[in-house]
Amino acid sequence: MTKKKVLLIGIDPKLIDFSKTTTAATGWDANRVQTAGQDANKRLMELGYEVQSCLIVDLGETTAESVVSDILSREKFDCIMIGAGIRALPQHTLMFEKIINTIHQKAPPSSTKICFNTNPNDTVEAVLRWI
């Protein structure tokens, strides 16, 4: 049986100013986000999923759009998870819209589910809700 494929899209946590986010109060920082992301990848692979991460390595909305477009042009995914760092921070709204529209254009709508986590610790649960 073919493994279900998952794409995890997020911003490199080193680029996020946690002092200006609501997550600062809960103790999130770049190291904690990175560790939680690695744990989610490992857990999904243990559950039998093929996982690919797509970290946005700069805050240029055009770059994010082209990186996601490139990945979706090469591969098909059963589920695409877009991280809270892209969705929840108002300064990233345009980037989020561009990523959503790129997914809408490139991913097969009949077979690709989109999900969202609320923080890095519930990434696996977000994916499991849809596949």
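Since the structure is predicted, the reported quantities are computational estimates derived from the model, not experimental observations. (Residues numbered from 1 in each chain as written. Predicted model: local features only at pLDDT ≥ 70, side-chain atom pairs only at ≥ 80, totals over all residues. Heavy atoms only, no water.)

### Side note on the sheet that holds strand β3 (residues 79–82)
Right, so step 1: Spatially, 4 strands are ordered β2-β1-β3-β4 in an open sheet, and the strand pairing comes out parallel. The open sheet is flanked by β2 (50–56) and β4 (113–116), the only strands paired with a single partner. Neighbouring strand axes in the sheet, compared pairwise and without regard to direction, differ in orientation by 20° on average.
Right, so step 2: Lying on the sheet, helix α4 (residues 93–106) is in contact with β1 (5–11), β2, β3 and β4; it crosses β3 at an angle near 175°. (Pairing = 2+ DSSP bridges. Helix = DSSP H or I, 4+ residues; strand = E, 2+ residues; numbered from the N terminus. Axes fitted to C-alpha atoms, helices over the stretch in contact; angles between N-to-C directions. Contact = heavy atoms within 4.5 Å.)

### What to know about the packing of aromatic side chains
Right, so step 1: Counted under the stated rule, the structure contains 1 aromatic pair.
Right, so step 2: Taking 6.1 Å as the distance between ring centres and 70° as the angle between the ring planes, the aromatic pair formed by Phe96 and Phe116 counts as edge-to-face. Of this pair, Phe96 sits in helix α4 while Phe116 is found in strand β4, placing the two residues 20 residues apart along the sequence.
Right, so step 3: Classification of Phe116 by relative accessible area gives partly exposed; the value is 32%.
Right, so step 4: A cation over an aromatic ring shows up here: Lys5 above the ring of Phe77, its NZ or CZ 5.3 Å from the ring centre.
Right, so step 5: Looking at Arg32, its charged tip hangs above the ring of Trp28, at a distance of 3.9 Å from the centre. (Phe/Tyr/Trp six-rings, centres within 6.5 Å; stacked < 30°, edge-to-face > 60°. Buried < 20%, exposed > 50% of the residue type's maximum accessible area, 1.4 Å probe, protein only. Lys NZ or Arg CZ within 6 Å of the ring centre and 35° of its normal.)

### Looking at the pairing of β1
Right, so step 1: Among the 7 residues that make up β1, 7 are buried, leaving the element largely enclosed by the rest of the structure.
Right, so step 2: The alternating pattern of β1 places Lys5, Leu7, Ile9 and Ile11 on one face and Val6, Leu8 and Gly10 on the opposite face, and all of these are buried.
Right, so step 3: As defined by bridge partners, β1 adjoins β2 across 7 bridges and the pair is classed as parallel. Across the sheet, Lys5 pairs through a bridge with Glu50, a residue of β2.
Right, so step 4: Of the strand pairs in this sheet, β1 and β3 are connected by 4 bridges, and their pairing is parallel. Within the sheet, the bridge partner assigned to Val6 lies in β3 and is Cys79.

### Topic: the environment of Gln105
Right, so step 1: Examined against the element boundaries, Gln105 turns out to sit in helix α4.
Right, so step 2: For Gln105 and Leu72, which are 33 residues apart along the polypeptide, the C-alpha to C-alpha distance reads 9.4 Å.

### What to know about the environment of Asp58
Right, so step 1: With respect to the helices and strands, the residue Asp58 is situated in the loop between β2 and α2 (61–74).
Right, so step 2: Residue class for Asp58 comes out partly exposed when judged on its relative accessible area of 29%.
Right, so step 3: Sequence-wise, Asp58 and Ile11 are 47 residues apart; in three dimensions their C-alpha atoms are separated by 7.8 Å.
Right, so step 4: Sequence-distant contacts of Asp58, defined by excluding residues within four places in its chain, comprise Leu15 and Thr63.

### Observations concerning the side chain of Asn41
Right, so step 1: Mapped onto the secondary structure, Asn41 falls in helix α1 (residues 30–46).
Right, so step 2: Leave out the neighbours within four places in its chain, and Asn41 touches Leu8, Val51 and Ser53.

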